[in-house]
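# Coordinate analysis (summary)
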Amino acid sequence: MLKRLADWLKERIQGRPFEAFQIEVTSRCNLRCEMCPKRALGDEWVSQDLPWDAFQRIATTFGQSRHIHLQGWGEPLLHSRLFDMIRLAKERGCRVGLTTNGTLLDRAKSVGLLDAGLDLMAVSIAGATRETHERIRVGSDLSTILENVQGILSLRASRKRKTPKLELSYLMTKTNMAELLKTVELAAALGVDELYAINLDYVVTPEHEELKVFDCPGFRQTYSGILDAARETARRNGLTFRAYPLESEEVAVCEENPLRILFVSADGWVSPCTYMGLAGRTDIPRRFQGRSASVRRLRFGNVLDQGLLDIWNSPAYRTFRQEFETRRLELGARALLVVSGGEQFSDMEMPPAPAPCRTCYKLYGL
């Protein structure tokens, strides 16, 4: 706790109050993944790149943020100026990361990413075998992805560097949970820095609901056993491994942390997170606990028209964040009550989250 407090004070003193800006450099993608909203929405999906001038406008505020993550719903390696974006963010003193499907990560792009100074790269996979992975991530080739990962790790080693940190992101579904243990062994053999297992937390169709592994009472013991075995295997192999919860529990402020993180979509609109901002749309189609729960897209201004900090400080955005701030303060008050022996107050009802967030699985710790 003391270290976290010290880090927080240091960030404030250095004038970087934001934890991260997540910037969707493109909503285009070269895959047709089974669980992706792009595939579910079909012809309704809007594919576009964030204009360079829009990125330059955002970059004027990079001195306010510790981390810049260049990814949203699309594949960032498709953007022609990705390396320029990384360089610009690094020049402003930011840590820079991205998430990729790994299919385009050839040697030329790997060299470009290292030359630009990328700090973090997460590569998404969905199986330890080609059959499983390619059934979920349609249009990809697992062998090529693994070769690409090996390539950038080798290049990193040849330069005697520790960055970019290389992570594998494993999407947990009913159709691939049986391969998680084998994936841990694969990740350890590759020599990646970390493997983490994530939930299918944005559900658009009933078919997506059938894929998710969280809140599935009939499978709870089986899936928990798989995760326990994966953790033990990772420990034995010296691999950092983490997995998201399999049971939902409401949290005061979700992992997207709209109090210190914001999202800019490929069309320039500013939203609290990717789950509230699909480029080119005015609504966010979703399903929640077995029913349709579509909400209006939550956006507070466009960086092509306004400064990013002006948008952040707008009355509507402030009001949105205040609801989460109230919840955060309530959680702190409860913790103090419990510590002081007032456990009977710990079950008080949490102040409501903003309406669009109440049907988002991220609010429930997933």
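Scroll up for the structure.
Residues numbered from 1 in each chain as written. Predicted model: local features only at pLDDT ≥ 70, side-chain atom pairs only at ≥ 80, totals over all residues. Heavy atoms only, no water.

### Comments concerning the nonpolar core
Heads up, the rule is: Only buried residues count toward a nonpolar core, which is a set of Ala, Val, Leu, Ile, Met, Phe, Trp, Tyr and Cys residues joined through side-chain atoms within 4.5 Å. Burial classes follow relative accessibility: with a 1.4 Å probe on protein chains only, a residue under 20% of its type's maximum area counts as buried, one over 50% as exposed, and anything between as partly exposed. Numbering of helices and strands runs from the N terminus; a helix is a DSSP stretch of H or I covering at least four residues, while a strand is a stretch of E covering at least two. Note on definitions: a residue-residue contact is assigned when non-hydrogen atoms from the two residues lie within 4.5 Å.
With 93 residues, the main nonpolar core has Ile23, Phe62 and Leu70 as its most contacted residues. The element that contributes the greatest number of residues to this core is helix α7 (residues 142-158), accounting for seven residues. Contacts of Phe62, omitting those with residues within four sequence positions, involve Arg16, Phe21, Ile23, Phe55, Ile68, Ala89, Arg92 and Cys94. With nine residues, the next largest nonpolar core counts Cys33, Met35, Ala126 and Leu211 among its residues.

### Considerations on the sheet that holds strand β1 (residues 18-23)
For sheets, the rule is that strands pair by backbone hydrogen bonds, running either parallel or antiparallel. Operational definition: When DSSP finds at least two bridges between two strands, those strands are taken to pair.
Taken in spatial order, the nine strands make up an open sheet running β7-β6-β5-β4-β3-β2-β1-β8-β9, and their pairing is mixed. Among the strands making up the open sheet, the edge pair consists of β7 (240-243) and β9 (270-271). As paired strands, β1 and strand β8 (residues 261-264) are joined by four bridges and run parallel to one another. When the bridges of β8 are listed, Phe21 appears paired with Leu262.

### Remarks on helix α10 (residues 220-237)
Put simply, the rule is: Multiply 1.5 Å by the residue count of a helix minus one, and that product is the helix's expected span. Note: the arc covers the axis-to-C-beta directions of the helix.
Compared with the 26 Å implied by 1.5 Å per residue over 18 residues, the 26 Å span of α10 between its first and last C-alpha is a close match. Residues of α10 that are buried: Tyr223, Ile226, Leu227, Ala230, Thr233 and Ala234. All buried residues of α10 lie within an arc of 125° about the axis, which places them on one face of the element. Residues of α10 that are exposed and angled more than 90 degrees away from the buried face: Gln221, Arg235 and Arg236. Contacts made by the buried residues of α10 are with α8 (180-190) and β7.

### Some thoughts on the pattern of salt bridges
One side chain can pair with another of opposite charge once the charged atoms of both are near each other. Threshold: When a carboxyl oxygen of Asp or Glu lies within 4 Å of a side-chain nitrogen of Lys or Arg, that pair is called a salt bridge.
Inspection of the entire model under this criterion finds 23 salt bridges. Among the salt bridges present, the one from Glu247 reaches Arg220, with a minimum N-O distance of 2.8 Å. Of this pair, Glu247 sits in the loop between β7 and β8 while Arg220 sits in helix α10, and the two are 27 residues apart along the sequence. Owing to a relative accessible area of 39%, Arg220 belongs among the partly exposed residues under this scheme. What emerges from the salt-bridge pattern is a single network uniting Lys165, Glu167, Glu194 and Arg242.

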